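So you can see what is in the structure, the chains are spelled out below.
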Amino acid sequence: MTQQFYVSPEQLMKDRADFARKGIARGRSVVVISCADGIALVAENPSPSLHKIGEIYDKIAFAAVGKYNEFESLRQAGVRYADVRGYSYDREDVTARGLASVYAQSLGAVFTAEQKPFEVELAVAEVGHTQADDHLYRLTFDGSIADEHGFVVMGGLAEQVAESVAREWKADLDLAGALRLAVKALAADKEVDALPGSAVEAAVLDRSPESGRGSRRAFRRLRAEDITQLLAGEA
Amino acid sequence: MQDPSTGHLATQATSSFIEHLQRSRPELLPFTQALPAGQVPPAPHATTIVALSYPGGVLMAGDRRATMGNVIASRHIEKVFPADEYSVMGIAGTAGLAVDITRLFQVELEHYEKIEGTLLSLDGKANRLGAMIRGNLPMAMQGLAVIPLFAGFDQAAGVGRLFSYDVTGGRYEELEHHSVGSGSVFARGALKKLWRPNLTEDEAVAVAVEALYDAADDDSATGGPDPVRQLWPVVYTVNRAGARRVSERELAAIAGTIVESRAVAGREA
């Protein structure tokens, strides 16, 4: 029988974390911004069908970077969790905090127990009646969870993009303003000033969907022409 | 939440909320309990629903009464619900089960939409509802039947369509109009005389309310318009723009006109 080499727990965790970080760093970034009209979720994503942003529940959305198959299975598990909870209790008992903590447990368990950690980073956003009631959670591959204020940036060049968002973020931005800021920030590492509408996937959690659209579901995916139109509009 | 790390995740994956519940939380389904032998105690029953099509859409209306034997169990019950953005359903039969089946059906459609990123086709929705009613068959054999009526706008074909069901889950597409529940015989008679092709949406709403008025006239389990409590039928229209609930104010005016015209006519029937 071959003897395994001793690896210290510190080294093991460090190797796993480095592995996950490398995987995430290869991906493109996602920006989630709280603004006056709601929460804007913007991703650099040339595919119109393989989404990085998804609806979870009435007021809750999901955004992810990293490996598609891994975050897609997490998204579906999140939808199942939310729908079961909302069906067995009540729709208003589904909260981003509950979902984020379940995600944190899943990610944490995979990070320590499985062959390889998930190479993903997630954001869970819940829109409130006022901006003060908005919740933004950021979850990393090892299951750590952070409660963010104002905006979340994840992905390959998160730090550069985050700096760019932080410079211009104001609480009273409208949706078009938030979208412009996000698109500009996502282009931070590129030669261009901003990404074209077709290279961007965007969605919004409307702050008052009942009065605006007569629906309790706040999540609304923006089509490519909506994005182009919003980006073109004068601030 | 199921463990997303497990390798058999792909085989577990389903876009159906009901299938997911059957696997992981069967006790939450309204129709899986095996009932012991014996008489089920009296429970509220939901009564009459009418639905009719008009150029550009369909509408569905239900009265506000639930009965339990000879007692009025509720004057406020709502029996017509939006199933999703482009479809509505109405229910007759055991109210407690029917309301839960409606809730489950609403989650089923929304769940599919979120997981798949696209809406189910109208036929797909109608089939899912049929499967749920079939699932309820053991309960129906104990006397707890639920009979739905389903209507929606078929975006592919650009028309409104109507579906009725039997207790075994059989699904039948209806043309022009249909009604279910205890007062359905009388409502159907009224619809036969009142419905005509080329109704406008407003006329169609008036026809539905009048059909329910006629049902309430002859069926004690169907409630008529109630000006004392300001209760009017629940009416939803579905057209290309989606499902919309007709406002109380419109319904009050329509019900008022019907009562007035009948009073003026002064006839017995």
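Draft legend 1. Structural context of the overall build of chain B. Each helix and strand in chain B was counted, giving eight helices and 13 strands. Here the C-alpha atoms of chain B give a radius of gyration of 19 Å, agreeing with the 18 Å that 2.2 N^0.38 yields for 269 residues. Projected onto the principal axes, the alpha-carbon positions of chain B cover approximately 75 × 50 × 30 Å. In chain B, buried positions account for 47% of the 269 residues. Pairs at least 24 apart in sequence give 68% of the contacts found in chain B among residues at least 6 apart.

Draft legend 2. Structural view of the sheet that holds strand 2 (residues 38-44) of chain A. All names here are of chain A. Strand order across the open sheet formed by five strands is 8-1-2-9-10, with antiparallel pairing between neighbours. Pairing within the sheet leaves two strands with one partner each, and these edge strands are strand 8 (151-154) and strand 10 (219-222). The sheet shows a mean angle of 15 degrees between the axes of neighbouring strands, taken without regard to direction. Contacting strand 1 (30-35) and strand 8, helix 4 (residues 158-168) crosses the sheet at an angle of about 155 degrees to strand 8. Packed on one face of the sheet, helix 5 (residues 175-186) meets strand 1, strand 2 and strand 9 (200-206) and runs near 25 degrees to strand 2.

Draft legend 3. Seen up close, the confidence of the model for chain B. In this model, chain B carries a mean pLDDT of 89, and residues with pLDDT of at least 70 account for 95%. Overall fold confidence for the complex sits at a pTM of 0.91, while the interface term, ipTM, reaches 0.90.

Draft legend 4. Quick look at the environment of Arg240 of chain B. Residue and element names in this part refer to chain B. Counting through the fold element by element, Arg240 comes out in the loop between strand 12 (234-239) and strand 13 (242-245). The class of Arg240 is exposed, set by 12 C-beta atoms lying within 10 Å. In sequence terms Arg240 and Val159 are 81 residues apart; their C-alpha atoms lie 8.2 Å from each other. Arg240 has contacts with Gly56 and Phe153, leaving out every residue within four places of it along the chain.

Draft legend 5. Spotlight on the interface of chain A and chain B. Facing 17 residues of chain A, the contacting portion of chain B comprises 17 residues. For the side of chain A that touches chain B, the secondary-structure elements that each account for two or more residues are helix 2 (68-88) and helix 3 (96-113) of chain A. At 11 residues, helix 2 of chain A tops the list of elements feeding residues into the side of chain A that touches chain B.

Draft legend 6. Inspection of the pairing of strand 7 (residues 87-94) of chain B at higher detail. Residues and elements named next belong to chain B. Summarising burial for strand 7: eight of the eight residues are buried, a large majority. Sheet analysis places strand 1 (residues 45-46) next to strand 7, joined by two bridges and oriented antiparallel. Across the sheet, the residue bridging to His45 is Thr94, located in strand 7. Judged from the four bridges that link them, strand 6 (residues 80-84) and strand 7 form a sheet pairing that is antiparallel. Of the residues in strand 7, the one forming a bridge with Val80 is Gly90.

Draft legend 7. Quick peek at helix 4 of chain A. Residues and elements named next belong to chain A. When helix 4 is considered as a whole, its buried residues turn out to be Val161, Ala162, Ser164 and Val165. Buried positions in helix 4, seen along its axis, are confined to an arc of 160 degrees and lie on one side of it. Residues Glu159, Ala166 and Arg167 are exposed on helix 4 and point more than 90 degrees away from its buried face. Buried residues along helix 4 sit in contact with strand 1, strand 8 and helix 5.

Draft legend 8. The nonpolar core, seen in detail. Formed by 152 residues in total, the largest nonpolar core has its most connected members in Val31, Val32, Ala40 and Ala125 of chain A together with Leu59 and Ala208 of chain B. Excluding its chain neighbours within four sequence positions, the residues that come into contact with Ala208 of chain B are Val50, Leu52, Leu59, Ala61 and Val235 of chain B.

Draft legend 9. Main features of the sheet that holds strand 2 (residues 49-54) of chain B. All names here are of chain B. Taken in spatial order, the five strands line up as 11-2-3-12-13 in an open sheet, and their pairing is antiparallel. A single partner strand is all that each edge strand has here, and the edge strands are strand 11 (177-180) and strand 13. If you compare each strand with its neighbour and ignore which way they point, the axes differ by 15 degrees on average. Relative to strand 3 (residues 57-62), strand 2 is paired through six bridges, and the arrangement is antiparallel. Note on strand 3: the bridge partner recorded for Ser53 is Val58. Along the sheet face, helix 7 (residues 201-218) touches strand 2, strand 3 and strand 12 and points at about 155 degrees away from the line of strand 2.

Procedures and definitions
- Residue positions within a chain follow its written sequence, with the count starting from 1.
- As they are written, the chains are lettered A onward and the ligands numbered 1 onward, keeping that order.
- Given that the model is predicted, a residue must reach a pLDDT of at least 70 before its local features are reported, and side-chain atom pairs must reach 80 or more before they are shown or counted; all residues, however, enter totals for whole chains, interfaces and linings.
- Counting from the N terminus, the helices are DSSP H or I runs at least four residues long and the strands are E runs at least two residues long.
- Radius of gyration here is computed from C-alpha atoms only, and the compact-globule reference equals 2.2 Å multiplied by the residue count raised to the power 0.38.
- Buried, partly exposed and exposed are defined by the number of other C-beta atoms within 10 Å of a residue's own C-beta, namely 20 or more, between the two limits, and 12 or fewer respectively, with C-beta atoms placed from the backbone.
- It is the C-beta atoms, placed from the backbone, that decide contacts: two residues are in contact if theirs lie within 7 Å.
- Criterion used throughout: strands pair if DSSP finds at least two bridges between them.
- Axes here mean lines fitted to C-alpha atoms, for a helix over just the part in contact, with angles spanning 0 to 180 degrees between N-to-C directions.
- Confidence per residue, as judged by the predictor, is encoded in pLDDT with a range of 0 to 100.
- What the arc measures is the spread of directions leading from the helix axis to the C-beta atoms.
- Only buried Ala, Val, Leu, Ile, Met, Phe, Trp, Tyr and Cys residues enter a nonpolar core, and they are joined through C-beta atoms within 7 Å.

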